[in-house]
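Here is how the chains run, residue by residue.
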Amino acid sequence: MAGVSSLSLATVREGLESRLPGATLALAEDLFGVLAILDSNAGLRRALTDPSRTGKDKAVLVDQLISGRVSPEAAGVVRDLVSERWGNARDIGDALETLAATVVISVAEQGRGVEGLEQLENELYSFIQVVASNHALQRALSEAQATPESKVALGLKLVPQAGAAGRLLIAQAVRAPRGLKPAALVQRFLELVAARQQRWIADVSVTRPLTASQFERLESGLNAMYGRELKVNVKVDPSLIGGVRVSVGDEMVDSTVITRLSELRRKLAG
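Not measured: the values here are computed from a predicted model.

## Some words on the overall build of the protein chain
Reasoning step 1: Along the protein chain, the regular secondary structure elements total 13 helices and 4 strands.
Reasoning step 2: Principal-axis analysis of the C-alpha atoms gives the protein chain an extent of 65 × 50 × 35 Å.
Reasoning step 3: Among the 270 residues that make up the protein chain, the fraction classed as buried is 43%.
Reasoning step 4: When contacts within the protein chain are restricted to residue pairs at least 6 apart in sequence, long-range pairs at least 24 apart make up 68% of them.
Reasoning step 5: Looking at the protein chain as shown, the accessible area adds up to about 14200 Å², and 53% of this sits on carbon and sulfur atoms.
Reasoning step 6: Taking the average place of the 32 positive charges on the side chains of the protein chain and the average place of its 31 negative ones, the gap between the two points comes to 4 Å.

Below, the structure written as structure tokens:
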């Protein structure tokens, strides 16, 4: 996904964040259900990505299709989705799949933070490893004549210790891989988990090793700044000369001498 579709997905994902603190797996199940409707109807996908239609017109069409069939929260997410512009009809389904998976990942994160995400990551990785090592399983999970229910039952047997979030993502990948191998779609979900984990990890670069008390003050300050218990990784980088560089997810805080000198050079050159 690229261009206008990538920007649209970023916008809708940003809006989804406000719904995530109280989200449940039921919301993700509703979104996956709407995805199944989109995937089964090419004409509908074209209508919802037609640039000549207004966002309001598309929202009305969505309401006619899903009103009463999904929760108001799910309907709101889908309305936000169709109000954006999409480069091609396939992109809107890919975006909805990403949003649904993001909800599942957020539920795993609730109350447990990075530990919940690490558990989900381990469950998905375990499924991928088991399938990768067994060609018979690969064939069985992709068997066109087998029912979706039988393939889901087989897939879930491979990860008996998985929690509800892991089971939902694996079941979705097996039931509706959408042109991919089930393990390949689980890998995509795994990448979303890894990206979500970055919100909980602070990578800190300093010029010399920190004492225990310095580390505690740093950790406490970062937790207060970001409003959550971060996992702090510290790396010593003498080339920075002085100061500290902190990266949390997509955010960067840099107060190093190297950066200040570079900024000064740019100003002088300008």
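## Brief notes about helix α5 (residues 72–82)
Reasoning step 1: Listed in full, the buried residues belonging to α5 are A74, A75, G76, V77, V78, L81 and V82.
Reasoning step 2: On its buried side, α5 packs onto α1 (3–16), α2 (25–39), α3 (42–48), α4 (55–66) and α6 (89–109).

## Some thoughts on the packing of helix α7 (residues 114–132) against helix α10 (residues 164–175)
Reasoning step 1: Two elements in contact, α7 and α10, have axes whose closest approach is 9 Å; the angle formed by their N-to-C orientations is 35 degrees. Crossing of α7 against α10: the hand is right-handed. Note on element contacts: α10 touches α7 through A165, G166, L169, I170 and V174, opposite L120, E123, L124 and F127.
Reasoning step 2: A breakdown of the residues in the contact of α7 with α10 according to their chemical character gives 7 nonpolar, 1 polar and 1 charged.

## Concerning the nonpolar core
Reasoning step 1: Residues L31, V103, L124, F127 and L169 are the most contacted members of the largest nonpolar core, which totals 67 residues.
Reasoning step 2: Apart from the residues lying within four places of it in its own chain, the contact partners of L31 are A74, V77, V78, L96, L99, A100 and V103.

## With respect to the pairing of strand β2 (residues 231–236)
Reasoning step 1: Direction of pairing for strand β1 (residues 201–206) relative to β2: parallel, over a ladder of 6 bridges. Residue D203 lies in a different strand from β2, and its bridge partner there is N233.
Reasoning step 2: Following the chain from β1 across helix α12 (residues 212–226) to the adjacent parallel β2, one finds a crossover that is right-handed.

## Topic: the side chain of T49
Reasoning step 1: Tracing the sequence through the fold places T49 in the loop between α3 and α4.
Reasoning step 2: In this structure T49 comes out as buried when scored by relative accessible area, which is 10%.
Reasoning step 3: Separated by 2.8 Å, the side chain of T49 and the backbone oxygen of R45 make a polar contact.
Reasoning step 4: Apart from residues lying up to four places away in sequence, T49 is in contact with K58, W86, N88, A89 and I92.

## Some points on empty space enclosed by the protein
Reasoning step 1: Tallied over the full model, the rule gives 1 cavity of 30 Å³ or more.
Reasoning step 2: Of the pockets and cavities examined, the largest cavity occupies roughly 40 Å³.
Reasoning step 3: Lining the largest cavity we find V34, I37, L38, L44, L48, V62, L65, I66 and V78.
Reasoning step 4: Within the residue set of the lining of the largest cavity, elements represented by two or more residues are α2, α3 and α4.
Reasoning step 5: Looking at the lining of the largest cavity residue by residue, the class counts come to 9 nonpolar, no polar and no charged.

## Section: the environment of F215
Reasoning step 1: Its location among the elements puts F215 in helix α12.
Reasoning step 2: Overall, F215 belongs to the partly exposed group, its relative accessible area being 27%.
Reasoning step 3: Excluding its chain neighbours within four sequence positions, the residues that come into contact with F215 are L210, V232 and V234.

Calculation notes
- Residues numbered from 1 in each chain as written.
- Predicted model: local features only at pLDDT ≥ 70, side-chain atom pairs only at ≥ 80, totals over all residues.
- Heavy atoms only, no water.
- Helix = DSSP H or I, 4+ residues; strand = E, 2+ residues; numbered from the N terminus.
- Buried < 20%, exposed > 50% of the residue type's maximum accessible area, 1.4 Å probe, protein only.
- Contact = heavy atoms within 4.5 Å.
- Areas by Shrake-Rupley, 256 points an atom, 1.4 Å probe, with all protein chains shown as cover.
- Lys, Arg positive; Asp, Glu negative; His and termini not counted.
- Charge placed at Lys NZ, Arg CZ, Asp CG, Glu CD.
- Axes fitted to C-alpha atoms, helices over the stretch in contact; angles between N-to-C directions.
- Left-handed = near helix turned anticlockwise from the far one by under 90°.
- Nonpolar A, V, L, I, M, F, W, Y, C, P; charged D, E, K, R; others polar.
- Core = buried A, V, L, I, M, F, W, Y, C linked by side-chain atoms within 4.5 Å.
- Pairing = 2+ DSSP bridges.
- Right-handed = clockwise from strand over helix to strand, strands pointing away.
- Polar contact = N/O pair within 3.5 Å; in protein donor to acceptor, adjacent residues only side chain to side chain.
- 1 Å grid on protein atoms, 1.4 Å probe; cavity = no way out; pocket = protein on both sides within 12 Å on 5 of 7 lines; lining within 4 Å.
- Points joined across faces, edges and corners; volume = space filled by probe spheres on them.

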